Amino acid sequence: MSNAIANVVQSPEDLARMRWSRLVAAIERLSSARSLDDVVEIVRSSARDIAGADGVTFVLREGDLCHYVAEDAISPLWAGQRFPMSACISGWSMLTGRAAVIPDIYADARIPHDAYRLTFVKSLTMTPVGLGEPIAAIGAYWAERRQPDAETVSLLETLARSTATAIANVQLYASLKASEQTARQQLETQNLLVNELNHRVRNTLAIVRSIATQTSRKCRNPVDFAADLDGRLQALSRAHELFAQASWAGADLATLIKEQLAIGAGSEDERVRATGPDVVLESQTALHLGLILFELGTNARKHGALAAPDGRIDIDWSLDASAAPPRLRLNWIETSSRAIAPREKTGFGSMMIEKGLRFIGGEAQLNFDQSGLHCALVLPIAQPGRANA
């Protein structure tokens with residue numbers, strides 16, 4: 001029995017009451033445990049007095065190993081060590097789900113005798129923690145050969161059941177804390193998305209209004225107005241589809257070029273060649289550049305290089321990472337053997353290019369000659385990167 005109890009209590013009745021009192025106190029403490037470390041310490045510090053033993057251990061199952069995580073004994077046992085489940089009595093107890101009561105360890109084949117020879121242990125009990133598939137075990141040890149009585153076994157089994165409940169509560173508590181944190185993060189994300197959506201809707205409506213207003217000023221009749229407005233709204237819609245596919249993280253430049261130039265063409269035009277590194281554009285930059293590309297493509301089909309059978313467009317771009325912020329340089333070069341009349345520099349397309357780039361801090365140079373339009377765009381990009389990044 002524990003010396004602490006034996007020195008205070010004399011009669012068996014008082015000893016029994018003291019042990020049950022210690023058990024009740026341990027159960028109360030276990031009910032408020034909030035971590036596995038708390039559970040381990042409560043069992044380690046109370047099981048010895050409850051069992052009236054010379055030593056106790058708390059063993060956790062770790063896969064195929066038994067981890068002796070804590071102990072309270074008259075001399076060192078195996079704290080911190082790990083043993084195969086098949087090589088120790090704690091493993092046998094957890095694998096079978098049964099308590100082991102061993103009055104003489106050297107007379108029991110389940111005991112690895114060599115592991116015990118350097119210890120004080122002569123007899124023991126090992127009680128599994130948890131039903132079905134126990135996750136731990138509580139060992140109680142005595143320095144003399146003795147038959148642990150039924151009351152001691154009952155006390156330890158009650159402690160083990162309470163410990164299993166405490167561990168389950170700890171796991172539930174941790175899960176609830178994690179769920180609470182996840183819910184809080186989801187709510188914060190939802191609020192950010194709502195605010196971002198409101199911002200994007202306002203911006204989109206402002207762009208649509210501007211497009212409609214400027215288109216109406218340049219068109220001579222309702223038919224032209226409807227056709228031109230529809231094309232520009234398609235350009236806006238294609239850009240938004242790219243953002244949605246990328247969870248509004250931005251748009252791949254090569255894909256943006258392909259999508260915008262396909263509007264009105266029906267399919268990809270083999271006379272358009274686009275080359276450059278993989279670049280992801282921030283959504284607002286991509287939105288304005290998408291509208292610019294649409295205007296350039298529409299004008300090229302109506303009045304420029306693509307209006308001629310042998311005309312072509314070469315688009316190339318590069319990144320200037322040395323600038324602050326980094327800048328994207330994009331060249332649009334139209335060529336044709338047919339002489340092309342210079343286009344009006346005050347049309348909607350030119351206005352869209354100039355105003356759109358100014359809005360995002362960029363600039364454009366447009367040169368018209370008989371072979372076609374040469375357009376050089378320079379625009380800042382917040383985070384240049386790989387399309388798959």
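Residues numbered from 1 in each chain as written. Predicted model: local features only at pLDDT ≥ 70, side-chain atom pairs only at ≥ 80, totals over all residues. Heavy atoms only, no water.

(A) Here's a closer look at the overall build of the chain. On a plain count of helices and strands, the chain comes out with 10 helices and 13 strands. Of all 389 residues assigned to the chain, the portion counted as buried reaches 42%. Expressed as a percentage of contacts within the chain between residues at least 6 apart in sequence, the contacts between residues at least 24 apart total 61%. In the structure as shown, the chain presents an accessible area of about 20100 Å², 52% of it carried by carbon and sulfur atoms. (Helix = DSSP H or I, 4+ residues; strand = E, 2+ residues; numbered from the N terminus. Buried < 20%, exposed > 50% of the residue type's maximum accessible area, 1.4 Å probe, protein only. Contact = heavy atoms within 4.5 Å. Areas by Shrake-Rupley, 256 points an atom, 1.4 Å probe, with all protein chains shown as cover.)

(B) Spotlight on the pairing of strand E12 (residues 363-369). In the sheet, E12 pairs with strand E13 (residues 372-380) via 7 bridges, with the strands oriented antiparallel. Bridged to Leu366 within E13 is Cys375. Between E12 and E13, which pair antiparallel and follow one another directly, the connecting turn spans 2 residues. (Pairing = 2+ DSSP bridges.)

(C) Examining the sheet that holds E13 more closely. In space, the 5 strands of this open sheet follow the order E8-E10-E11-E13-E12, with mixed pairing throughout. Two strands close off the open sheet at either side, each with one partner strand: strand E8 (272-275) and E12. Put simply, the sheet's adjacent strands are angled 10° from each other on average, direction ignored. (Axes fitted to C-alpha atoms, helices over the stretch in contact; angles between N-to-C directions.)

(D) Expanded view of the side chain of Ser162. Examined against the element boundaries, Ser162 turns out to sit in helix H6 (residues 150-218). Using a relative accessible area of 16% as the deciding quantity, one classes Ser162 as buried. Dropping the residues within four chain positions of it, Ser162 is found in contact with Ile27 and Leu30.

(E) Structural detail: the packing of helix H8 (residues 253-262) against helix H9 (residues 283-302). At a closest axis distance of 8 Å, the pairing of H8 and H9 adopts a crossing angle of 40°. Between H8 and H9, the angle falls in the class oblique. Considering only the axes of H8 and H9, their crossing is right-handed. Of H9, the residues touching H8 (which contributes Leu253, Leu256, Ile257, Gln260 and Leu261) are Ala286, Leu289, Gly290, Leu293, Phe294, Gly297 and Arg301. Of the residues in the contact of H8 with H9, the class split is 8 nonpolar, 3 polar and 1 charged. (Parallel < 35°, antiparallel > 145°, perpendicular 65-115°, else oblique. Left-handed = near helix turned anticlockwise from the far one by under 90°. Nonpolar A, V, L, I, M, F, W, Y, C, P; charged D, E, K, R; others polar.)

(F) Structural view of the pairing of E13. Counting buried residues along E13, 7 of its 9 residues qualify, which places the element largely inside the surrounding structure. Inspection of the sheet shows strand E11 (residues 327-335) paired to E13 by 7 bridges, in the antiparallel sense. When the sheet's bridge partners are listed, Leu330 is paired in E13 with Leu377.

(G) Spatial organisation of the packing of aromatic side chains. A full pass over the atoms with the stated rule returns 4 aromatic pairs. When the centroid spacing of 5.6 Å and the interplanar angle of 65° are considered together, the rings of Tyr68 and Trp78 count as edge-to-face. One end of the pair, Tyr68, is in strand E2 (residues 65-73); the other, Trp78, is in the loop between E2 and strand E3 (82-84), with 10 residues separating them in the sequence. What makes Trp78 buried here is its relative accessible area of 5%. Considering the side-chain rings of Trp78 and Tyr141, the 5.7 Å spacing of their centres and the 65° angle between planes classify their relative orientation as edge-to-face. Here Tyr141 lies in strand E6 (residues 136-142) and Trp78 lies in the loop between E2 and E3, a separation of 63 residues in the sequence. The burial state of Trp78 is the same as that of Tyr141; both residues are buried. Put simply, the rings of Tyr68, Trp78, Phe83, Tyr116 and Tyr141 pair up and form one aromatic cluster. Over the ring of Tyr173 we find Arg34, and its NZ or CZ is 4.9 Å from the ring centre. In this structure, Arg110 is placed above the aromatic ring of Trp92, and the distance from its NZ or CZ to the ring centre is 4.4 Å. (Phe/Tyr/Trp six-rings, centres within 6.5 Å; stacked < 30°, edge-to-face > 60°. Lys NZ or Arg CZ within 6 Å of the ring centre and 35° of its normal.)

Bear in mind that shape data such as this cannot, by itself, settle questions of function.
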